[in-house]
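Here are the chains, one letter per residue:
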Amino acid sequence: MLNDVYNARILDLAAHIPRLGRLDAPDATATAHSKLCGSTVTVDVKMDGGAVTDFAHDVKACALGQASSSIMARHVIGATPDELREVRETVRKMLKENGPPPTGKWAEIAVLEPVRDYKARHASTMLTFDAVVKAVDEIEAKTGGAKQAAE
């Protein structure tokens, strides 16, 4: 039921999104857009030493896009590009392949498990993960990846 998807925890996450806004001088900016629902998430990312050091986002999305963005903002600082790619892939598999939710610091994403039964909601749930990975890919392309980690 849709009540499982729009449960109290998801609505609370959507209502309390940290790090809203934009960074003055991000290392990369990326936007992800869902054509299906019109939701858009734009992220600004700064990295140093191979990890995210600052993050802000502009979230124009439904409650599910807001909730996933809220979770991202709570855990992205200190994350490495590989970690962020892994969490995106785990969430994708959770939604599309009935895989388990992430564990560790990303375990809160399990609240989004009921979304797997609503394919039309997958894109908005994935927006923040896609945008963040796009941004860190851009940073690594600019810095040579390994060079960024060595700094």
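Residues numbered from 1 in each chain as written. Predicted model: local features only at pLDDT ≥ 70, side-chain atom pairs only at ≥ 80, totals over all residues. Heavy atoms only, no water.

K.L.:
Could you give an account of unusual backbone geometry, with specific residues and numbers?
P.N.:
The phi dihedral of R19 falls on the positive side, at around 65°, and the residue is not glycine. Within the fold, R19 resides in the loop between helix 2 (8-15) and strand 1 (28-33). Even without being glycine, N98 reaches a positive phi, approximately 60°. Within the fold, N98 resides in the loop between helix 4 (81-96) and helix 5 (122-143). What makes N98 exposed here is its relative accessible area of 59%. (Helix = DSSP H or I, 4+ residues; strand = E, 2+ residues; numbered from the N terminus. Buried < 20%, exposed > 50% of the residue type's maximum accessible area, 1.4 Å probe, protein only.)

K.L.:
Could you give an account of the pattern of salt bridges, naming the residues involved and the relevant values?
P.N.:
Should their charged atoms come close, side chains of opposite charge can pair. Counted under the stated rule, the structure contains 15 salt bridges. Across the salt bridge formed by E89 and R92, the nearest N and O atoms sit 2.6 Å from each other. You can see E89 and its partner R92 sitting in helix 4, 3 residues apart, about one turn around the helix. Its relative accessible area of 25% is what places R92 among the partly exposed residues. Residues joined by salt bridges that share partners form a network here, namely D82, R85, D137 and E140. (Salt bridge = Lys/Arg side-chain N within 4 Å of Asp/Glu carboxyl O.)

K.L.:
Break down the nonpolar core for me, citing the residues and quoting the values.
P.N.:
Core analysis: the biggest nonpolar cluster contains 39 residues, and V43, V45, F55, L84, I109 and L112 have the highest contact counts within it. Elements with a contribution of two residues or more to this core: helix 2, strand 1, strand 2 (40-48), strand 3 (51-60), helix 3 (63-75), helix 4 and helix 5. For this core, the leading source of residues is helix 5, giving 8 residues. Not counting residues within four places of it along the chain, the set of residues in contact with V43 comprises A28, T29, A30, F55, A56, H57, A131, V132 and A135. (Core = buried A, V, L, I, M, F, W, Y, C linked by side-chain atoms within 4.5 Å. Contact = heavy atoms within 4.5 Å.)

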